[in-house]
Every structure is written in structure tokens, then in C-alpha cells.
Amino acid sequence: MDLTPKRAAESATEMVQVVLPNDANPLGFILGGTVMHLIDIAGAIACHRHTRSLLVTAAVDDLQFLHSIKVGDLIILKSHVTCVFTTSLEVQVDVFSEETLTGIRQMTSTAFLTFVAIDREGTRIHVPPLVVETEEEKRVCEDAHRRRAERLRRKEQARQV
């Protein structure tokens, strides 16, 4: 496997689709589960672009639904790798709605997901390092380390119960 360091921009992904009635609840808003499904896909694509390996979703941190998205609106998902560990990596996915007739866009959700790189036998494999270039990228990666430490702490606590 190629472990050449990569920039976050190399993993950047954007997905766009229209919200159809079969994606919605009886009130005409996209189902939260559908948004979560699309977030997982957008996150996985960014991580595949970084690792060029098989991946499994390990965790979803801090998923927030800020605004609803109506049938007929576009849902736009933007993702990029924020931090790399040894065999896992974190990706940020931002979700936007866009009114098709006006072009008005607003952020509707944001989430951080962790993926683990594996081989065909399911064994963890090393992932390429992330080149952290800007002060913002450094801050986000430091935040990712804190989220990871807290997640691992909670996981250990759950094992002791």
C-alpha cells in the first residue's frame, strides 16, 4: 500500500441529489435516516480517496440536524478528511439544502465520522498520513484527537459494564 502523505483537498468530495417524496416523512421533509445514510456514503468516499483501501464505519460523532430539507430541494454533502491516526481516519461531512428555484442555500447538518482501513480479510491496515497545512486544519485535527480520546474512553467504560 502507498503510504505517501496526502492533503485534505485530495479527499474532498461533493455529492448532490434532489430530495424526492420517497425520501421524506409525511410532513414533506427528508428522513433523518436518509440524511445519515448519505453522510456515511459521502464520508466513505472521501476516506476511500485518501486511503485507496477498503473501509468500515467505526463511529459517528457530533451529528446535528440544524434545519430540515424539503421535498424538491437539493441536498448537498461536502466531505473531507480532517485527521489520520494509525489505521483509522476522521472525516467531516457538512450537509446543505438548496432551494431549486431560488438557489438559497443553508447548512442543515454537520458530522464527524471515523473509518477504519482494512484488507480483504478484515485486518486493520495503516493509512497514509495527512498533510496538515493551515492553522484551521491543525485546529480541526487537534479537535479530532480530543474526540477520539473521548470516544475511546467511553468505549472502555462500556466494556467495563
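Residues numbered from 1 in each chain as written. Predicted model: local features only at pLDDT ≥ 70, side-chain atom pairs only at ≥ 80, totals over all residues. Heavy atoms only, no water.

**Q** Now, about the environment of Val60: what can you tell me, with residues and values included?
**A** Positionally, Val60 belongs in strand E3 (residues 54-65). Residues Val60 and Val19, 41 residues apart in the sequence, show an inter-C-alpha distance of 23 Å. (Helix = DSSP H or I, 4+ residues; strand = E, 2+ residues; numbered from the N terminus.)

**Q** Mind laying out the packing of aromatic side chains, listing which residues take part and the relevant values?
**A** Going through the model one piece at a time under the given rule, you end up with zero aromatic pairs. Over the ring of Phe96 we find Lys78; its NZ or CZ atom is 5.6 Å from the centre of that ring. (Phe/Tyr/Trp six-rings, centres within 6.5 Å; stacked < 30°, edge-to-face > 60°. Lys NZ or Arg CZ within 6 Å of the ring centre and 35° of its normal.)

**Q** I'd like a rundown of the pattern of salt bridges, residues and numbers included.
**A** This structure, assessed with the given rule, holds 14 salt bridges. Salt-bridge contacts for Glu136 lead to Arg139; the nearest nitrogen and oxygen are separated by 2.7 Å. Of this pair, Glu136 and Arg139 both sit in helix H2 (residues 135-160), three residues apart, roughly one helical turn. In this structure Glu136 comes out as partly exposed when scored by relative accessible area, which is 44%. Between Arg154 and Glu150 there is a salt bridge whose closest N-O contact spans 3.7 Å. Of the two residues, Arg154 and Glu150 both sit in helix H2, four residues apart, roughly one turn of that helix. Overall, Arg154 belongs to the partly exposed group, its relative accessible area being 39%. With a relative accessible area of 31%, Glu150 lands in the partly exposed category. (Salt bridge = Lys/Arg side-chain N within 4 Å of Asp/Glu carboxyl O. Buried < 20%, exposed > 50% of the residue type's maximum accessible area, 1.4 Å probe, protein only.)

**Q** Describe the nonpolar core, naming the residues involved and giving the relevant values.
**A** Within the largest apolar cluster, 27 residues are counted, with the highest numbers of intra-cluster contacts made by Ile39, Ile75, Leu77, Leu89 and Phe115. Those elements giving two or more residues to this core turn out to be helix H1 (32-51), strand E4 (74-84), strand E5 (88-98) and strand E6 (105-118). No other element matches H1, which puts seven residues into this core. Excluding residues within four positions of it along the chain, Leu89 makes contact with Cys47, His50, Thr51, Leu55, Val81, Cys83, Val84, Leu113, Thr114, Phe115 and Val127. (Core = buried A, V, L, I, M, F, W, Y, C linked by side-chain atoms within 4.5 Å. Contact = heavy atoms within 4.5 Å.)

By themselves, these observations are geometric and do not establish any function.
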